[in-house]
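Here's the letter readout for the chains.
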Amino acid sequence: GVVSLFPAPHIDLTSSTATMQLANGIVTHSWRREGGVQCAKGFRGERSHPDANELKLSCGNEGIIKEVMFASYGQPSGVQCGKYVQHPTCHHSRSVEVTKRECLGKNECVIDLKELRELECGDHMRATVRCSNEKRVSVSATIPIGTEAKIHIPRGATLMGSDGKLFTGTAVNLESGTSHFTLL
């Protein structure tokens, strides 16, 4: 069979990496959204959880955070990046102030949620920032020898290979080795 890889930058994730162990080697597929508008979610909780107590934002390799568009700790709602909503009564008043202090002018930042006092009504944070660099999606795939694979192109998008070659249509067949693309 053919291994099908699908970059999915339209969902509310900044990046994703997946690996599959096959009989003849390991397939690795990853993508990362950089620049443009970036969002993150975090929560206060058990230290054993890797995402507990901090919220991470990054513009990728070339940008800096130039604007905090939204920040709310308490009980914010919304699942889609850029469409978060502050709860009318459960919101920490210093959410925006702390996010600006920790993030503006930086390539990436980490907000320590323990700095915001615990609220009885909620313990989640969502933030949205605008980066100085243009939005792009970097995609890579590593395919072992003897494996057939293709990377699917999202509708209306174009893939540009590391050699500058443009790919349109529905999918690109991949050869063994590592391939790098930018989703345009």
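It should be noted that the structure appears before, not after, this text.
Residues numbered from 1 in each chain as written. Predicted model: local features only at pLDDT ≥ 70, side-chain atom pairs only at ≥ 80, totals over all residues. Heavy atoms only, no water.

Caption draft 1: Expanded view of the state of the cysteines. Within the structure shown, the criterion is met by 4 disulfides. A disulfide bridge connects Cys 39 with Cys 81, and the sulfur atoms are separated by 2.0 Å. Since a negative S-S torsion denotes a left-handed disulfide, the Cys 39-Cys 81 link at about 80° is right-handed. One end of the pair, Cys 39, is in strand 4 (residues 37–43); the other, Cys 81, is in the loop between strand 6 (65–74) and helix 1 (95–103), with 42 residues separating them in the sequence. According to the relative accessible area criterion, Cys 39 is buried, its value standing at 5%. Under the relative-accessibility criterion, Cys 81 is labelled partly exposed at 21%. For Cys 59, the disulfide goes to Cys 131, at an S-S distance of 2.1 Å. Its S-S torsion of about -85° marks the bond between Cys 59 and Cys 131 as left-handed, since a negative value means left-handed. (Disulfide = S-S within 2.5 Å. Helix = DSSP H or I, 4+ residues; strand = E, 2+ residues; numbered from the N terminus. Buried < 20%, exposed > 50% of the residue type's maximum accessible area, 1.4 Å probe, protein only.)

Caption draft 2: The arrangement of the sheet that holds strand 6 in detail. Taken in spatial order, the 3 strands line up as 4-8-6 in an open sheet, and their pairing is antiparallel. Every other strand in the sheet has two partners, leaving strand 4 and strand 6 as the edge strands with one partner each. With direction set aside, neighbouring strand axes in the sheet form an average angle of 15°. As paired elements, strand 4 and strand 8 (residues 124–131) share 7 bridges and run antiparallel to each other. Following the sheet pairing, Gly 42 is matched in strand 8 by Met 125. The strands that helix 1 touches are strand 6 and strand 8; relative to strand 6, the one it contacts most, it runs at about 140°. (Pairing = 2+ DSSP bridges. Axes fitted to C-alpha atoms, helices over the stretch in contact; angles between N-to-C directions. Contact = heavy atoms within 4.5 Å.)

Caption draft 3: Examining the pattern of salt bridges more closely. Under the criterion given, the structure shown has 9 salt bridges. For the salt bridge of Arg 136 with Glu 34, the shortest nitrogen-to-oxygen distance reads 2.8 Å. Of the two residues, Arg 136 sits in strand 9 (residues 136–143) while Glu 34 sits in strand 3 (residues 25–34), which places them 102 residues apart along the sequence. Look at Arg 136 and you get partly exposed, because its relative accessible area is 24%. A salt bridge links Arg 130 to Glu 67; the nearest nitrogen and oxygen atoms lie 3.2 Å apart. Note that Arg 130 is positioned in strand 8 and Glu 67 in strand 6, a separation of 63 residues in sequence. Classification of Arg 130 as partly exposed rests on a relative accessible area of 30%. (Salt bridge = Lys/Arg side-chain N within 4 Å of Asp/Glu carboxyl O.)

Caption draft 4: Geometry of the packing of aromatic side chains. Following the criterion strictly, the structure yields 2 aromatic pairs and no others. Taking 5.9 Å as the distance between ring centres and 80° as the angle between the ring planes, the aromatic pair formed by Phe 167 and Phe 181 counts as edge-to-face. Of the two residues, Phe 167 is situated in strand 12 (residues 166–167) and Phe 181 in strand 14 (residues 177–183); the sequence distance between them amounts to 14 residues. Note on accessibility: Phe 167 and Phe 181 belong to one class, buried. A cation over an aromatic ring shows up here: Arg 126 above the ring of Tyr 84, its NZ or CZ 5.6 Å from the ring centre. (Phe/Tyr/Trp six-rings, centres within 6.5 Å; stacked < 30°, edge-to-face > 60°. Lys NZ or Arg CZ within 6 Å of the ring centre and 35° of its normal.)

Caption draft 5: Local environment of the side chain of His 92. Relative to the helices and strands, His 92 is located in the loop between strand 6 and helix 1. Residue His 92 is classed as buried on the basis of its relative accessible area, which comes to 5%. The residues contacting His 92, other than those within four sequence positions of it, are Tyr 73, Leu 116, Arg 117 and Leu 119.

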